[in-house]
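Spelled out from the first residue to the last, the chains are:
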Amino acid sequence: MKKKVFLGGTTNNSKWRESIKPKLKIDYYDPVVPEWNDEAYKRELDEREKCDYCLYVITPKMTGFYSVAEVIDDSNKRPNKTIFCVLNKDDDKTFSDHQEKSLTAIGKMVVKNGGKWLKSIDEIADFLNENE
């Protein structure tokens, strides 16, 4: 059976998911749906639990903080399947220096908890494809 990755992280019309999907040799679950409702939320929780890897990509288009809470929660509870990545640019948006420092601290926390902190879409795809 093919392994599967949960594609968590920034939404808000960020295109990072579209850039990684064609590079993956493993299956994936994309939680972005046209209409967010209780059913979509329940499916997301179920997929997050079942997937072999939980990937959280954070970009400057992030407006909420739930993905950051998810990655820390997963790095504590399921460190072997947690992957964190920060993309410092998303279209015309960038993080401030202060935000980058905070995200670096989060990355270090994920690693300390036993998770992976990868630096680019290509690095993520390579890791997942090598461990399929």
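Below is a short write-up of the structure. Bear in mind that the values here come from a model prediction, so they are computed numbers and not experimental data.

A look at the overall build of the protein chain
- Of the regular secondary structure elements, the protein chain holds 5 helices and 7 strands.
- Secondary structure elements in the protein chain, listed N-terminal to C-terminal, are β-α-β-α-β-α-β-β-β-α-β-α.
- Against the compact-globule benchmark of 14 Å for 132 residues, the protein chain has a radius of gyration of 14 Å, which places it among compact chains.
- Seen along its three principal axes, the alpha-carbon backbone of the protein chain occupies a region of about 40 × 35 × 25 Å.
- Counting the 132 residues in the protein chain, one finds 44% classified as buried.
- If you sum the accessible surface of the protein chain, you get close to 7,700 Å²; carbon and sulfur atoms cover 49% of it.
- Here the protein chain contributes 23 positively and 24 negatively charged side chains, and the mean placements of these two sets differ by 3 Å.

Examining the side chain of Thr82
- Of note, Thr82 is situated in strand S4 (residues 82-86).
- For Thr82, the side chain forms a polar contact with the main-chain oxygen of Arg78, separated by 2.8 Å.

So, how was this worked out
- Residues numbered from 1 in each chain as written.
- Predicted model: local features only at pLDDT ≥ 70, side-chain atom pairs only at ≥ 80, totals over all residues.
- Heavy atoms only, no water.
- Helix = DSSP H or I, 4+ residues; strand = E, 2+ residues; numbered from the N terminus.
- Rg over C-alpha atoms; globule rule 2.2 N^0.38 Å.
- Buried < 20%, exposed > 50% of the residue type's maximum accessible area, 1.4 Å probe, protein only.
- Areas by Shrake-Rupley, 256 points an atom, 1.4 Å probe, with all protein chains shown as cover.
- Lys, Arg positive; Asp, Glu negative; His and termini not counted.
- Charge placed at Lys NZ, Arg CZ, Asp CG, Glu CD.
- Polar contact = N/O pair within 3.5 Å; in protein donor to acceptor, adjacent residues only side chain to side chain.

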